[in-house]
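Letter by letter, the chains look like this.
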Amino acid sequence: MPSISQKGRNMPESPIRKLVPYAEQAEAEGKHIYYLNIGQPDIKTPEVALRAVRENDVEVLSYSRSEGSDTYRKKIADYYAEHDIRVSHADIIVTTGASEAIAFLFGSIMDPNDEVIICEPFYANYIAFATAASVKVKPIISRIEDNFALPPISEFEKLITEKTKAIMICNPGNPTGYLYSKEEIAQLADLVKRHDLFLISDEVYREFTYDGHSHHSVMELEGLDEHTIMIDSVSKRYSMCGARIGCLVSRNKTLIQTVLKFAQARLSPPTYAQIASEAALDTPSSYFVNIKNEYIKRRNVLIEELNKIEGVIVATPKGAFYCIAELPVKNSDHFAQWLLESFHVDNETVMVAPAGGFYSTPGIGLNQIRIAYVLHSERLKKAVQIIREALKVYKED
């Protein structure tokens with residue numbers, strides 16, 4: 001048999017999706033599952049976006065420009081201006097989801113064995129994108145005891161080598177829900193300027209900030225036009241995960257020209273999805289007010305219920321719609337699989353994402369899970385009650 005590549009063997013499984021076969025089997029057995037494992041909001045997609053697809057007059061579903069349609073990019077630039085981010089449509093490349101933006105970016109700024117420093121836990125697919133690009137992730141641990149705040153800058157300094165090309169953050173964070181402060185962003189800005197690095201910020205959860213806190217984009221920084229790169233997406237903002245439309249934004253003209261070459265190689269982002277995404281930008285601001293209030297309610301219920309469980313430690317998110325919970329177990333992979341295979345309460349069980357896959361440091365996070373609070377409050381409460389009952393009877397192998 002022909003052999004598989006070493007890169008292929010090194011590609012990690014998704015900690016979010018790898019338990020799907022067990023969930024499918026549980027459903028086949030008639031169990032109801034509360035899905036807390038994946039960031040698929042149950043919020044309705046804005047009607048204006050759906051109507052744009054239903055009622056458009058397209059007669060030939062043709063290619064768009066490789067960088068995305070002019071009308072959409074100009075409208076995105078207008079949206080950013082409302083958030084104090086001043087960019088031109090020429091600074092934006094539309095991608096097939098934020099995932100493609102990251103893949104293009106790693107290919108554009110890093111050669112094999114170059115390094116990117118990322119605070120862990122981080123979005124699990126960052127490792128996959130790095131593996132695909134033969135790039136090394138240098139993790140720096142943020143701790144649940146500190147609510148996953150930015151580690152001291154001195155810890156970043158220790159990791160910087162001649163191979164380091166970038167520092168990457170997710171703000172607000174997936175999987176932690178942590179929201180970086182203006183002071184923390186300023187510290188990172190000073191660091192990348194001193195060491196001549198890129199500062200990459202995944203900002204797909206920008207709208208979802210809580211308790212009076214504000215989001216601070218790296219694109220607001222002055223004097224760092226050549227260093228800052230923003231990754232964005234419509235997936236979470238408008239509950240349009242299936243549209244697969246994201247973008248990469250930077251005022252670094254050489255970078256944009258380089259990313260464009262990768263975009264040209266895949267021809268163009270999907271036309272209908274761009275039509276929907278462009279229309280979604282007309283969504284009234286009240287949509288986000290209502291959604292934020294709903295997520296705050298869900299977060300508060302989730303944290304309150306988790307704190308009732310003996311032995312559970314949970315960090316309180318300031319943004320996004322995820323939290324990390326530390327459980328009184330040794331291996332959350334085994335616990336998550338056991339929940340689906342062997343446990344139920346009145347024929348109901350829960351699917352969670354083991355958090356070990358959100359770390360790249362071996363042995364870290366094995367007793368943690370990520371919970372996406374994308375269900376209504378009463379369902380969340382029921383799901384946590386099931387976890388509480390499961391922990392009472394769960395036995396380690």
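Residues numbered from 1 in each chain as written. Predicted model: local features only at pLDDT ≥ 70, side-chain atom pairs only at ≥ 80, totals over all residues. Heavy atoms only, no water.

Caption draft 1: Fine view of the UniProt feature "domain: Aminotransferase class I/classII large" (unreviewed entry) in the protein chain. The feature "domain: Aminotransferase class I/classII large" (unreviewed entry), as given by UniProt, occupies residues 35-385 in the numbering adopted here. What you have in residues 35-385 is 36% helix and 16% strand, and the ends, taken at the C-alpha atoms, are 14 Å apart. (UniProt positions renumbered as here; feature names shortened; annotations may be inferred. Helix = DSSP H or I, 4+ residues; strand = E, 2+ residues; numbered from the N terminus.)

Caption draft 2: Looking closely at the packing of helix 11 (residues 286-306) against helix 13 (residues 377-393). Close contact between helix 11 and helix 13 brings their axes to 9 Å; oriented N to C, the two are set at 20 degrees. Between helix 11 and helix 13, the angle is such that the two are roughly parallel. Read as a crossing pair, helix 11 and helix 13 show a hand that is right-handed. Where helix 11 approaches helix 13, its residues K297, R298, V301, L302, E305 and L306 are matched on the opposing element by S377, L380, K381 and V384. Within the contact of helix 11 with helix 13, the residues separate by chemical class into five nonpolar, one polar and four charged. (Axes fitted to C-alpha atoms, helices over the stretch in contact; angles between N-to-C directions. Parallel < 35°, antiparallel > 145°, perpendicular 65-115°, else oblique. Left-handed = near helix turned anticlockwise from the far one by under 90°. Contact = heavy atoms within 4.5 Å. Nonpolar A, V, L, I, M, F, W, Y, C, P; charged D, E, K, R; others polar.)

Caption draft 3: Seen up close, the pairing of strand 3 (residues 115-120). Burial within strand 3 is extensive, with six of its six residues counted as buried. Neither face of strand 3 is exposed, since E115, I117 and C119 on one face and V116, I118 and E120 on the opposite face are all buried. Looking at chain direction, strand 3 and strand 4 (residues 136-141) are connected through six bridges and run parallel. Within strand 4, the residue paired with I117 across the bridge is K138. With helix 6 (residues 125-132) bridging strand 3 and the parallel strand 4, this β-α-β connection has right-handed handedness. Pairing between strand 3 and strand 5 (residues 164-170): four bridges, direction parallel. The residue bridging I117 from the neighbouring strand is I167, located in strand 5. (Buried < 20%, exposed > 50% of the residue type's maximum accessible area, 1.4 Å probe, protein only. Pairing = 2+ DSSP bridges. Right-handed = clockwise from strand over helix to strand, strands pointing away.)

Caption draft 4: Layout of the sheet that holds strand 12 (residues 353-354). The sheet built from four strands is open, its strands ordered 9-10-13-12 with antiparallel pairing. The open sheet is flanked by strand 9 (313-314) and strand 12, the only strands paired with a single partner. Here helix 11 sits on the sheet and contacts strand 9, strand 10 (322-326) and strand 13 (368-372); the angle it forms with strand 10, its principal contact strand, is near 0 degrees.

Caption draft 5: Focus on the sheet that holds strand 5. The sheet built from seven strands is open, its strands ordered 2-8-7-6-5-3-4 with mixed pairing. Looking at the sheet topology across the chains shown, the edges are occupied by strand 2 (92-95) and strand 4. Averaged over neighbouring strand pairs, the angle between their axes works out to 20 degrees when direction is ignored. Against the sheet, helix 8 (residues 182-195) touches strand 5 and strand 6 (198-202), its axis set at about 170 degrees to strand 5.

Caption draft 6: Just the environment of E389, in detail. With respect to the helices and strands, E389 occurs in helix 13. Here E389 falls in the partly exposed class, since its relative accessible area comes to 30%. Remark: the alpha-carbon pair of E389 and I309, spanning 80 residues in sequence, is separated by 9.4 Å. Those residues in contact with E389, other than ones at most four positions away along the chain, are F343 and V345.

Caption draft 7: Broad picture of helix 11. Here helix 11 contains 21 residues, and its C-alpha end-to-end distance of 30 Å stays within 8% of the 30 Å for a straight helix at 1.5 Å per residue. Burial in helix 11 covers these residues: Y287, F288, I291, E294, Y295, R298, R299, V301, L302, I303, E305 and L306. Structurally, helix 11 contributes buried residues whose contacts are with strand 9, strand 10, strand 13 and helix 13. (Expected span 1.5 Å × (residues − 1).)

Caption draft 8: Expanded view of a nonpolar patch on the surface. Nonpolar side chains collect at one region of the surface, where V53, L61 and Y272 lie side by side and expose about 250 Å² of accessible area between them. You can see Y272 is positioned in helix 10 (residues 271-280). (Patch = residues over 30% accessible without salt bridge, like charges linked within 9 Å, V, L, I, M, F, W, Y side chains within 5 Å. Areas by Shrake-Rupley, 256 points an atom, 1.4 Å probe, with all protein chains shown as cover. Salt bridge = Lys/Arg side-chain N within 4 Å of Asp/Glu carboxyl O.)

Caption draft 9: Structural detail: the nonpolar core. Core analysis: the largest hydrophobic core is formed by 138 residues, its most contacted members being Y80, F156, L306 and F335. If we ignore the near neighbours within four places in the chain, the residues touching F335 are L327, V329, I387, A390, L391 and Y394. (Core = buried A, V, L, I, M, F, W, Y, C linked by side-chain atoms within 4.5 Å.)

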